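# Geometric and topological summary
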Amino acid sequence: MDHLACFSPDDLRSKPALLEGYRWRLLAQGDSWFSVAAAQAHGSLLQELMFKQPAAALNCAGSGDALSHMVDLESAPEFVRLLTAADAPAWDGILLSIGGNDVIAAAQTPAHLEDGTPVPLEKRLLRRQTEWGPPSAGVGRYFSEPGWTTFAEYVKTNLRHLLTLREQGPSAGKPVFLHCYAVPLPRPAAAADGRGPWLYPTLKAYAVPNADWLAVSRLMVMHLAQLLKSLAADKENFPGLHVFDSTAVPLALATPGSSGVSGDWHNEIHLNHSGSFKIARAWSDAIDLVFNKPPPAPGRRGSSAS
């Protein structure tokens, strides 16, 4: 097993033959879960991937802990060019780490604007206290289903657009690999650069009881996982999309109230190296299965699985 070799677009510009000799050549784009570990202390899911044959990724993901949005193409021209340009490499697959930051940013939407105007339910993920459902609804009483419907449509539209871009370049039809996220414990654990915490102040602002914080976090992460898996199952509208359910990977939860590295977590929403290692190993196996799937027998129609 070999670690995924990670390079930047600048590396490829300075050395055009950089990717020669690798069995699998991948294009990567995503949020801070893909950021290079050299730029920050928390783990990088991308750098922990390992494959049975030599593989390299050209990583267009930025560095830092900012909540980058899903497919912000205006701020990712290099990724778009490497995916769509006629002279771009023909990638064997595309690796994506997207959606998690978007959920957190959506959860952070306040109940009221600065001038006191209420934000409608369909534009936020949490309900203010006067909107809570009955206790029998469990933690779902705090959750805005109308807001989730809006968010889900945003995810679908962006992923559909990204797959359309894939079809415009040399990598048309190649697999797109996307992971789900792990469930973070809301706690006062900021990043080293001062960003965050993210969920902790949000749930406090919405007056969600402390005892329900983890369950609310789990509810949002599981909603995202179910959404992404349902899109991967829709082969007609999302062809070649493969989603790995990282919520099924056992992780060590952070200690409630802790403000630093704890369990498999570096801060509130970013994994440390052990957490990244656990998810990356399982995801690597899932990707290898796709790459090494035998071709359909002659005269028989093959089927695709995510």
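For the structure, check the block above.
Let me begin by describing the structure that accompanies this report. These numbers were taken from a predicted model, which means no experiment stands behind them.

How each quantity is defined
Residues numbered from 1 in each chain as written. Predicted model: local features only at pLDDT ≥ 70, side-chain atom pairs only at ≥ 80, totals over all residues. Heavy atoms only, no water. Pairing = 2+ DSSP bridges. Helix = DSSP H or I, 4+ residues; strand = E, 2+ residues; numbered from the N terminus. Axes fitted to C-alpha atoms, helices over the stretch in contact; angles between N-to-C directions. Contact = heavy atoms within 4.5 Å. 1 Å grid on protein atoms, 1.4 Å probe; cavity = no way out; pocket = protein on both sides within 12 Å on 5 of 7 lines; lining within 4 Å. Points joined across faces, edges and corners; volume = space filled by probe spheres on them. Nonpolar A, V, L, I, M, F, W, Y, C, P; charged D, E, K, R; others polar. Buried < 20%, exposed > 50% of the residue type's maximum accessible area, 1.4 Å probe, protein only. Phe/Tyr/Trp six-rings, centres within 6.5 Å; stacked < 30°, edge-to-face > 60°. Lys NZ or Arg CZ within 6 Å of the ring centre and 35° of its normal.

Taken in spatial order, the six strands line up as β2-β5-β3-β6-β7-β8 in an open sheet, and their pairing is parallel. Each having just a single partner strand, β2 (5–7) and β8 (241–244) make up the two edges of the open sheet. Between one strand and the next, the sheet's axes are offset by a mean angle of 25°, whatever the strand orientation. Pairing between strand β7 (residues 176–179) and β8: four bridges, direction parallel. Of the residues in β8, the one forming a bridge with Leu178 is Val243. Each of β7 and β8 touches helix α6 (residues 213–233); the most contacted strand, β8, lies at about 150° to it. Helix α7 (residues 273–291) contacts β3 (24–30), β6 (93–97), β7 and β8 of the sheet and is inclined by roughly 155° relative to β7.

What follows is about empty space enclosed by the protein. For the structure on display, the rule yields three cavities of 30 Å³ or more. Along the walls of the largest cavity sit 16 residues, with Gly100, Ile104, Tyr181, Pro184 and Val221 positioned nearest its centre. Contributions of two or more residues to the lining of the largest cavity are made by α3 (100–107) and α6. Classifying every residue of the lining of the largest cavity by side-chain character gives twelve nonpolar, four polar and no charged.

Right, let's talk about α3 for a bit. With eight of its eight residues buried, α3 lies for the most part within the structure. On the buried face of α3, the contacting elements are α4 (145–167), α5 (199–205) and α6.

On to the pairing of β6. A large share of β6 lies buried, amounting to five of its five residues. Burial along β6 is two-sided: the face carrying Gly93, Leu95 and Ser97 and the face carrying Ile94 and Leu96 are both buried. Of the pairings in the sheet, the one linking β3 to β6 comprises five bridges and is parallel in character. Opposite Leu27, over in β6, you have Ile94 as the bridge partner.

The next thing to look at is the packing of aromatic side chains. Applying the stated rule across the entire model yields ten aromatic pairs. Aromatic side chains Phe34 and Trp283 sit 6.2 Å apart centroid to centroid with 25° between the ring planes, which places their arrangement in the stacked category. Of the two residues, Phe34 is situated in the loop between β3 and β4 (50–51) and Trp283 in helix α7; the sequence distance between them amounts to 249 residues. Both rings, one in Phe143 and one in Trp148, keep their centres 6.1 Å apart while their planes meet at 40°; by these two values the pair is tilted. Residue Trp148 is classed as buried on the basis of its relative accessible area of 8%. Taken together, the ring pairs connect Phe143, Trp148, Phe151 and Tyr154 into an aromatic cluster. Over the face of the ring belonging to Trp24 we find Arg23, whose NZ or CZ atom lies 3.8 Å from the ring centre.

In terms of burial, strand β5 (residues 55–59) is largely enclosed, as five of its five residues are buried. Covered by surrounding structure in β5 are Ala55, Ala57 and Asn59 together with Ala56 and Leu58, the residues of both alternating faces. Note that β3 and β5 share five bridges and pair parallel. What sits directly across from Arg25, in β5, is Ala56.

The next point concerns the environment of Leu163. Here Leu163 is to be found in helix α4. Under the relative-accessibility criterion, Leu163 is labelled buried at 4%. Ignoring sequence-local partners within four residues, the contact set of Leu163 consists of Val176, Asn237, Phe238 and Pro239.

Structural measurements only, silent on function.
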